[in-house]
Amino acid sequence: MVNPIIYQHFRAEERPLVDEFMALIAQAQTEYRPILTHFLNPRERYIIQTLLGNSDELKLEARGGYLAAERKRMLIFPSYYEPQASDFEVTPLEISYPQKFAELSHGQILGTLVNSGLNRNVIGDIITDGERWQVFTQTNMKDYFQSQIERIAKIKVKLVELEQAQVIEPLDEWQQASITVTSLRLDAIIASCYHISRQRTKELIKSRKVQLNWMLLEKADYTLDSYDIISVRGHGRIRLDEVLGTSKKGKLRLGVSILGK
């Protein structure tokens, strides 16, 4: 059973995650062998790293199929163990489609994969170099996706397994920035990052165009925390990296990363 004090360090809605991660840590410790998670977003990885702390018995390593992956699987392993790339069981798939006659988007691809009946956590990053599209999936699910996904937005496609050397260099580039805000409220951070008014930000949230860690959020006053990722339709994404301190006027200085749409 999880010590109730541990919950104080996380949000109430994150308790199921805390329970899940504590169970995985306990399994790795009890069975003294590596335990692999599903794909985790940065906030989820932060939670599991916080729970493990500075353990001498167990270590953590994360991989998502390429160096700058946003979604990664984590391996919890005894200190004696030396992880190999194959331990993470991540498979890259190329989305083959008629590029001269059709265009795909991240949203179309993700929507099709999620609507295939599987949980989001078996899917890693979806990347593009401007023409080609690739998706990372759990190795044990690649056959399912290859057999089930035949069309994306009415475009005929085929998912082809790749070698690691065939993974493309994605276009997406996070830009680091420093912002100053009055609080860690969701609307305050969005307004500052995109240089729009708080009122406009609230309208975006009310219009269901804002997600936090891939979950729809409709509370403008929601308080953000380390490694939260905000997705704003039509603008891009924001990652809260760290609180840098307080200004002379009492405002918070934040380190963030911003990804254009």
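Residues numbered from 1 in each chain as written. Predicted model: local features only at pLDDT ≥ 70, side-chain atom pairs only at ≥ 80, totals over all residues. Heavy atoms only, no water.

### Concerning the packing of aromatic side chains
Both the distance between ring centres and the angle between the ring planes are used here to describe each pair of aromatic rings.
And step 1. Following the criterion strictly, the structure yields 6 aromatic pairs and no others.
And step 2. Aromatic side chains Phe77 and Tyr81 sit 6.3 Å apart centroid to centroid with 55° between the ring planes, which places their arrangement in the tilted category.
And step 3. Assessed through its relative accessible area of 24%, Tyr81 is described here as partly exposed.
And step 4. Taken together, the aromatic side chains of Tyr32, Phe77, Tyr80 and Tyr81 make up a single cluster linked through ring pairs.
And step 5. Here Arg15 stacks its cationic end above the ring of Tyr7, 4.4 Å away from the centre of that ring.
And step 6. The side chain of Arg239 reaches across the aromatic face of Trp174, ending 4.8 Å from its centre. (Phe/Tyr/Trp six-rings, centres within 6.5 Å; stacked < 30°, edge-to-face > 60°. Buried < 20%, exposed > 50% of the residue type's maximum accessible area, 1.4 Å probe, protein only. Lys NZ or Arg CZ within 6 Å of the ring centre and 35° of its normal.)

### With respect to the sheet that holds strand β6 (residues 133-138)
And step 1. Strand order across the open sheet formed by 4 strands is β5-β6-β4-β9, with antiparallel pairing between neighbours. The sheet is open, and its two edges are formed by β5 (123-128) and β9 (158-161), each paired on a single side. Averaged over neighbouring strand pairs, the angle between their axes works out to 30° when direction is ignored.
And step 2. Of the pairings in the sheet, the one linking β5 to β6 comprises 4 bridges and is antiparallel in character. In the sheet register, Ile123 faces β6, and the bridge partner there is Thr137.
And step 3. On the sheet, helix α4 (residues 106-114) packs against β4 (90-96), β5 and β6 and is oriented at approximately 155° with respect to β5. (Pairing = 2+ DSSP bridges. Helix = DSSP H or I, 4+ residues; strand = E, 2+ residues; numbered from the N terminus. Axes fitted to C-alpha atoms, helices over the stretch in contact; angles between N-to-C directions. Contact = heavy atoms within 4.5 Å.)

### What to know about the nonpolar core
And step 1. One finds Leu186, Ile189 and Ile230 to be the most contacted residues of the largest nonpolar core, which totals 23 residues.
And step 2. Counting only elements with at least two residues in this core, the list comes to β10 (175-181), α6 (186-194), α7 (198-206), β11 (210-212), β13 (229-232), β14 (236-246) and β15 (252-260).
And step 3. Not counting the four nearest positions on each side in its chain, Leu186 is found in contact with Ile205, Val210, Leu217, Lys219, Ala220, Tyr222, Leu224 and Ile230. (Core = buried A, V, L, I, M, F, W, Y, C linked by side-chain atoms within 4.5 Å.)

### Thoughts on the side chain of Asp187
And step 1. Along the chain, Asp187 falls in helix α6.
And step 2. Engagement of the side chain of Asp187 in a polar contact is seen with the side chain of Arg198, the distance being 3.3 Å.
And step 3. When neighbours within four sequence positions are excluded, Asp187 is seen to be in contact with Arg198, Thr201, Lys202, Ile205 and Ala220. (Polar contact = N/O pair within 3.5 Å; in protein donor to acceptor, adjacent residues only side chain to side chain.)

### A closer look at the environment of Leu184
And step 1. Topologically, Leu184 is positioned in the loop between β10 and α6.
And step 2. It is 41 Å that separates the C-alpha atoms of Leu184 and Lys154, two residues lying 30 residues apart in sequence.
And step 3. Not counting residues within four places of it along the chain, the set of residues in contact with Leu184 comprises Ile189, Tyr222, Thr223, Leu224, Leu240, Val243, Leu252 and Leu254.

### Let's talk about the pairing of β15
And step 1. The buried count for β15 comes to 7 of 9 residues, which makes it a mostly enclosed element.
And step 2. Two strands pair when backbone bridges link them, and β10 and β15 are joined in this way by 7 bridges, in the antiparallel orientation. Paired with Gln176 across the strands is Ser257, a residue of β15.
And step 3. Examined bridge by bridge, β14 and β15 share 9 bridges and lie antiparallel to one another. Within the sheet, the bridge partner assigned to Thr246 lies in β15 and is Leu252.
And step 4. What sits between β14 and β15 in their antiparallel hairpin is a turn of 5 residues, with Gly250 showing a positive phi close to 85°.

These figures capture arrangement, not role.
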